[in-house]
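Reading the structure
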Amino acid sequence: MLRRSAAFAASLLAGAVLALGSCSSDTPVPLESAPAAATSPAAPASPDLGLVGTLTGTVTGTVTGTVNTATGTLRFLTCSLLPQQASARIGPQGGTLVLGQHSLTVPAGALSSTVQITARQNALSTVALEFEPAGLRFAVPATLSVDYSRCFSPLGAAKQVVYVDDAWQVLEVLPTRDDRAATQVVAPITHFSKYAVAY
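Here we summarise the structure given alongside this text. Note that the structure is a prediction, hence the values are computed from the model and not measured.

Right, let's talk about the packing of aromatic side chains for a bit. Using the criterion set out here, one finds 5 aromatic pairs in the structure. With centroids separated by 5.2 Å and ring planes inclined at 80°, the aromatic side chains of Phe 76 and Trp 168 adopt a geometry described as edge-to-face. With Phe 76 in the loop between strand E2 (72-75) and strand E3 (78-79) and Trp 168 in the loop between strand E11 (160-164) and strand E12 (170-173), this residue pair connects regions lying 92 residues apart in the sequence. Take Trp 168: its relative accessible area is 6%, and that puts it in the buried class.

Written out as structure tokens, the structure reads:
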């Protein structure tokens, strides 16, 4: 009985060896590799839509966002202001034009003749003073004082008077004294155009 069981086990073992031998091959079977990921050209960089949005806003009368200048990134003050306008005749002896809480002081000798000067604050969301006649130049710098008591800016932010064009591009950052106690910025100007306050 024991001899018959051993013979049966031996025959099973021999069959298993033959079965394994028949499954093997002299030719190696390569492993299936994953297909290479398709490469596509890099997508073009998207334009800076923040600036486009800012310029679109200015066209409709709202000035928001940031402006990149050679000196860094500036933000216009956010204000709650009413439109106003004032005029004054100022000659070689000098004088002061007052527009609400803002003022322009022209020193003696800055003008060679008497000029009708007009200042305008438009109904915008920031301080923006526009002066006429456009292109008027002063032989001696005039002093522009701009009130920002009805504006919001982060605590401690240094405020600057900036010269801007009609598209709200900052053309010049003026040397500015920020009188925080009086909530005014004071800067010298040498010509007329549009001035705003940024930080």
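Moving on to the sheet that holds strand E14 (residues 184-191). The 5 strands are arranged E5-E6-E9-E14-E13 in an open sheet whose pairing can be described as antiparallel. Every other strand in the sheet has two partners, leaving strand E5 (95-99) and strand E13 (177-179) as the edge strands with one partner each. The mean inter-strand angle of the sheet, taken between neighbouring strand axes irrespective of direction, is 20°. Direction of pairing for strand E6 (residues 102-106) relative to strand E9 (residues 137-147): antiparallel, over a ladder of 3 bridges. Each residue of the ladder has a partner; that of Leu 104, found in E9, is Leu 144.

The next thing to look at is the side chain of Ser 153. The residue Ser 153 is located in the loop between strand E10 (151-152) and E11 in this model. Leaving out residues up to four positions away in the same chain, Ser 153 has contacts with Leu 77, Lys 159 and Tyr 199.

To continue, consider the state of the cysteines. Here, disulfide denotes a covalent bond that connects the sulfur atoms of two cysteines. If you walk through the whole model with that rule in mind, you get 1 disulfide. Residue pairing for Cys 79: its cysteine sulfur links by disulfide to Cys 151, the two sulfurs lying 2.1 Å apart. In this structure the cystine formed by Cys 79 and Cys 151 twists about its S-S bond by roughly 100°; its chirality is therefore right-handed. Of this pair, Cys 79 sits in strand E3 while Cys 151 sits in strand E10, and the two are 72 residues apart along the sequence. When sorted by exposure, Cys 79 lands in the same class as Cys 151, which is buried.

Looking now at the nonpolar core. Counting 34 residues, the largest nonpolar core has Leu 104, Val 106, Ile 117, Phe 138, Leu 144 and Ile 189 as the members making the most contacts within it. Per-element tally for this core: the top contributor is E9, with 4 residues. In this structure Val 106 touches Ile 90, Gly 94, Gly 95, Leu 111, Ile 117, Phe 138 and Ala 142, once residues within four positions along its chain are discounted. Membership of the second largest hydrophobic core comes to 10 residues, among which are Val 162, Val 164, Trp 168 and Val 170.

This brings us to the pairing of strand E8 (residues 128-132). In the sheet, strand E7 (residues 115-121) pairs with E8 via 4 bridges, with the strands oriented antiparallel. Of the residues in E8, the one forming a bridge with Ala 119 is Phe 131. Hairpin connection, E7 to E8: the antiparallel pair is bridged by 6 residues. With 3 bridges connecting them, E8 and strand E15 (residues 194-198) associate as antiparallel partners. Paired with Ala 128 across the strands is Ala 196, a residue of E15.

Further remarks concern the pairing of E15. Burial of E15 is extensive: 5 of the 5 residues sit out of reach of the surface. Burial of E15 is two-sided: the residues Lys 194, Ala 196 and Ala 198 facing one way and the residues Tyr 195 and Val 197 facing the other way are all buried. With 5 bridges joining them, E11 and E15 adopt antiparallel strand pairing. Its bridge partner being in E15, Gln 160 is matched across the sheet by Ala 198.

Looking now at the sheet that holds E7. Read from one edge of the open sheet, 6 strands run E4-E7-E8-E15-E11-E12, paired in antiparallel fashion. Strand pairing shows two members of the sheet lacking a second neighbour, strand E4 (84-90) and E12, which therefore form its edges. In this sheet, neighbouring strand axes are inclined to one another by 25° on average, regardless of whether the strands run parallel or antiparallel. The sheet contact formed by E11 and E12 spans 3 bridges and is antiparallel. Considered in E12, the bridge of Val 164 is made with Val 170.

Parameters and conventions
Residues numbered from 1 in each chain as written. Predicted model: local features only at pLDDT ≥ 70, side-chain atom pairs only at ≥ 80, totals over all residues. Heavy atoms only, no water. Phe/Tyr/Trp six-rings, centres within 6.5 Å; stacked < 30°, edge-to-face > 60°. Helix = DSSP H or I, 4+ residues; strand = E, 2+ residues; numbered from the N terminus. Buried < 20%, exposed > 50% of the residue type's maximum accessible area, 1.4 Å probe, protein only. Pairing = 2+ DSSP bridges. Axes fitted to C-alpha atoms, helices over the stretch in contact; angles between N-to-C directions. Contact = heavy atoms within 4.5 Å. Disulfide = S-S within 2.5 Å. Core = buried A, V, L, I, M, F, W, Y, C linked by side-chain atoms within 4.5 Å.

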